[in-house]
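Chain by chain, the residues:
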Amino acid sequence: MGGLYDAKLKTRHTVVNGQRLYFDETGAQLFGNWIKWFLLTIITFGIYGFWLNIKMEQWIVKHT
């Protein structure tokens, strides 16, 4: 997982079709999602942990 700083850095330096990408989320919003994902992992006895990387990438793409 790259994390929030990596996502902002990558999007800031990426140009697609002549337009620079922009990342529009904050660390506080990511923290809220981490709490939700952590609770789901505990409730499912760690099974949800296999999908955490996918969920993180989906969140980054959604806000880019």
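One can find the structure itself at the top, above this paragraph.
Reading the values: rules and limits
Residues numbered from 1 in each chain as written. Predicted model: local features only at pLDDT ≥ 70, side-chain atom pairs only at ≥ 80, totals over all residues. Heavy atoms only, no water. Patch = residues over 30% accessible without salt bridge, like charges linked within 9 Å, V, L, I, M, F, W, Y side chains within 5 Å. Areas by Shrake-Rupley, 256 points an atom, 1.4 Å probe, with all protein chains shown as cover. Salt bridge = Lys/Arg side-chain N within 4 Å of Asp/Glu carboxyl O. Helix = DSSP H or I, 4+ residues; strand = E, 2+ residues; numbered from the N terminus. Buried < 20%, exposed > 50% of the residue type's maximum accessible area, 1.4 Å probe, protein only. Core = buried A, V, L, I, M, F, W, Y, C linked by side-chain atoms within 4.5 Å. Contact = heavy atoms within 4.5 Å.

**Student:** Describe a nonpolar patch on the surface, with residues and values.
**Tutor:** A surface patch of nonpolar side chains, amounting to about 640 Å² of accessible area, comprises Phe31, Ile35, Phe38, Leu39, Ile42 and Ile43. With respect to the helices and strands, the residue phenylalanine 31 is situated in helix α2 (residues 27-43).

**Student:** Just give me the short version of unusual backbone geometry, but keep the residues and values in it.
**Tutor:** With a phi close to 55 degrees, asparagine 17 is a non-glycine residue in the positive phi region. Structurally, asparagine 17 can be placed in the loop between β1 (15-16) and β2 (19-20). Classification of asparagine 17 by relative accessible area gives exposed; the value is 79%. Unlike most non-glycine residues, phenylalanine 45 shows phi in positive territory, near 55 degrees. Positionally, phenylalanine 45 belongs in the loop between α2 and α3 (52-62).

**Student:** Describe the nonpolar core, naming the residues involved and giving the relevant values.
**Tutor:** Core analysis: the largest hydrophobic core is formed by 9 residues, namely Ala7, Phe23, Leu30, Trp37, Tyr48, Leu52, Met56, Trp59 and Ile60. Of all the secondary-structure elements, those providing two or more residues to this core are α2 and α3. Looking at which element gives the most residues to this core, the answer is α3, with 4 residues. For tyrosine 48, the residues in contact, after removing those within four places along its chain, are Trp37, Leu40, Thr41 and Lys55.

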